[in-house]
Amino acid sequence: MDFFINADTTYIFYFYFNDEALFKYVTLGASEKGKIMAVKDSIKPYGEKQIAFDKRYLEMALIWARNSYCIRRQVGALIVKGKMIISDGYNGTPSGFENVCEDENNITKPYVLHAEANAITKVAKSNNSSEDSTLYVTTSPCMECAKLIIQSGIKRVVYCNRYRITDGLNLLKRAGIELVYIDPENNIYEQE
C-alpha cells in the first residue's frame, strides 16, 4: 500500500502499552516525505513485485528447512534486509552437539533451537543488523521466538504453516509486527 504526504498533513500514530492504546497527533511537512518513504522502502523494497518476492523467499526457506536433522518437524528461516539475505537458520541442536533432535520416545529434546532463533543469533554474531528486516519462516513463530523477533527489530514475518498454538502470532500482532500468511499450494496471500 503506497501513501503520500502532502504539506502539513496530520497523522495519528497508535502505540500500545500494557494493552492500552495511546496515540499521538503528528503534523508532517512535505520535507518529511523522503524520510518516511525510505523507511517503508527498506521494509518492502520490491514495490508492486513484493508479493512475488515474498513467495520466492518463502520457497527458499522451505528448501533451507531440509538441512534440519529433526524428524518431527523441519523448519527453515531467512532474514532479508533491503534486497539481501543477511541470515539463515533451521531447527536443530546447538553447535557442537550431536545432530539428533528427538529422544528415544520421539520427543523433541529441550535444547533444540528453533529456526528463527538460529537465524537471529547468527545475524547477531555478524556485522549485520536485523533492524527493519523481514523474517521468512516455514512455521509460525512460538512465543519464545516471537520475543526474539520483537527484540531484534524485525518488522515483518512471512510464514506458510500455522502452528496449532498461536500465542507467538498474537504477541507479534500486539507489537505491531506485520504478519503475512502464504499458502503456496492454494495460492493464498493474507496480510494479518
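Parameters at a glance
Residues numbered from 1 in each chain as written. Predicted model: local features only at pLDDT ≥ 70, side-chain atom pairs only at ≥ 80, totals over all residues. Heavy atoms only, no water. Pairing = 2+ DSSP bridges. Helix = DSSP H or I, 4+ residues; strand = E, 2+ residues; numbered from the N terminus. Axes fitted to C-alpha atoms, helices over the stretch in contact; angles between N-to-C directions. Parallel < 35°, antiparallel > 145°, perpendicular 65-115°, else oblique. Left-handed = near helix turned anticlockwise from the far one by under 90°. Contact = heavy atoms within 4.5 Å. Nonpolar A, V, L, I, M, F, W, Y, C, P; charged D, E, K, R; others polar. Buried < 20%, exposed > 50% of the residue type's maximum accessible area, 1.4 Å probe, protein only. Disulfide = S-S within 2.5 Å. Salt bridge = Lys/Arg side-chain N within 4 Å of Asp/Glu carboxyl O. pLDDT = per-residue confidence, 0-100.

Peer 1: Mind laying out the sheet that holds strand E8 (residues 188-191), listing which residues take part and the relevant values?
Peer 2: Strands sit in the order E4-E3-E5-E6-E7-E8 across an open sheet of six strands; the sheet is mixed. Both outer strands of the open sheet, strand E4 (84-90) and E8, are each paired with one neighbouring strand and no more. Each strand of the sheet is rotated relative to its neighbour by a mean of 15°, with strand direction disregarded. The sheet contact formed by strand E3 (residues 76-81) and strand E5 (residues 134-139) spans four bridges and is antiparallel. Among the inter-strand pairings, Ile79 is bridged to a residue of E5, identified as Leu135.

Peer 1: Talk me through the packing of helix H4 (residues 143-152) against helix H5 (residues 167-174); I want residue IDs and the actual numbers.
Peer 2: Axis separation between H4 and H5 bottoms out at 7 Å; the angle between their running directions is 25°. One element, H4, and the other, H5, form an angle in the roughly parallel class. Between H4 and H5 the crossing geometry is right-handed. From H4, Met143, Ala146, Lys147, Ile149 and Ile150 reach across to H5, where they touch Asp167, Gly168, Leu171 and Leu172. Its residues assigned to classes, the contact of H4 with H5 comprises six nonpolar, one polar and two charged.

Peer 1: Quick rundown of the pairing of E3? Include the residues and the values.
Peer 2: Burial within E3 is extensive, with five of its six residues counted as buried. Between E3 and E4, which pair antiparallel and follow one another directly, the connecting turn spans two residues, one of which, Gly82, has a positive phi of 65°.

Peer 1: Kindly report on the packing of helix H3 (residues 115-125) against H4, identifying the contributing residues and their values.
Peer 2: For the pair H3 and H4, the least separation of the axes is 9 Å and the interaxial angle reads 25°. Taken as axis vectors, H3 and H4 run roughly parallel relative to one another. Where H3 crosses over H4, the handedness of that crossing is left-handed. Contacts between H3 and H4 involve Glu116, Ala117 and Ile120 from the first element and Cys145, Leu148, Ile149 and Ser152 from the second. Per-class residue counts for the contact of H3 with H4 are five nonpolar, one polar and one charged.

Peer 1: Tell me about the environment of Leu172, and please be specific about residues and values.
Peer 2: Looking at the element boundaries, Leu172 is found in helix H5. Given a relative accessible area of 0%, Leu172 falls into the buried group. C-alpha of Leu172 to C-alpha of Cys145: the two residues are 27 residues apart in sequence and 9.8 Å apart in space. Leaving out residues up to four positions away in the same chain, Leu172 has contacts with Pro141, Ala146, Ile149, Ile150, Val157, Ile177 and Leu179.

Peer 1: Outline the state of the cysteines, supporting the account with residue identities and numerical values.
Peer 2: Evaluation of the coordinates by the stated rule reveals one disulfide. With its sulfur 2.4 Å from that of its partner, Cys70 forms a disulfide with Cys101. Taking the sign of the torsion about the S-S bond as the criterion, the disulfide between Cys70 and Cys101, at about -70°, is left-handed. Of this pair, Cys70 sits in the loop between helix H2 (50-65) and E3 while Cys101 sits in the loop between E4 and H3, and the two are 31 residues apart along the sequence. With respect to class, Cys70 is no different from Cys101; both count as buried. With no disulfide of its own, Cys142 lies 3.8 Å from the sulfur of Cys145, the closest cysteine sulfur.

Peer 1: Describe the pattern of salt bridges, and please don't skip the residues or the numbers.
Peer 2: A side chain of one charge can pair with a side chain of the opposite charge when the charged atoms of the two come close. Overall, the coordinates contain nine salt bridges when judged by the stated rule. One salt bridge connects Arg162 with Glu190, and the closest N-O pair in it is separated by 2.9 Å. In this pair, Arg162 is assigned in the loop between strand E6 (156-161) and H5 and Glu190 in strand E8, connecting sequence segments 28 residues apart. Residue classification places Arg162 among the partly exposed residues on the basis of a relative accessible area of 44%. Its relative accessible area of 34% is what places Glu190 among the partly exposed residues.

Peer 1: Account for the confidence of the model for the protein chain, with residues named and values stated.
Peer 2: For the protein chain, per-residue confidence averages 84 on the pLDDT scale, and 79% of positions sit at 70 or higher. Scored below 50 in pLDDT, residues 1-27 shows 47 contacts in the model against residues more than four places distant or in partner chains. Here residues 32-40 scores under 50 on pLDDT; set against residues more than four positions off or in separate chains, the count is nine contacts.

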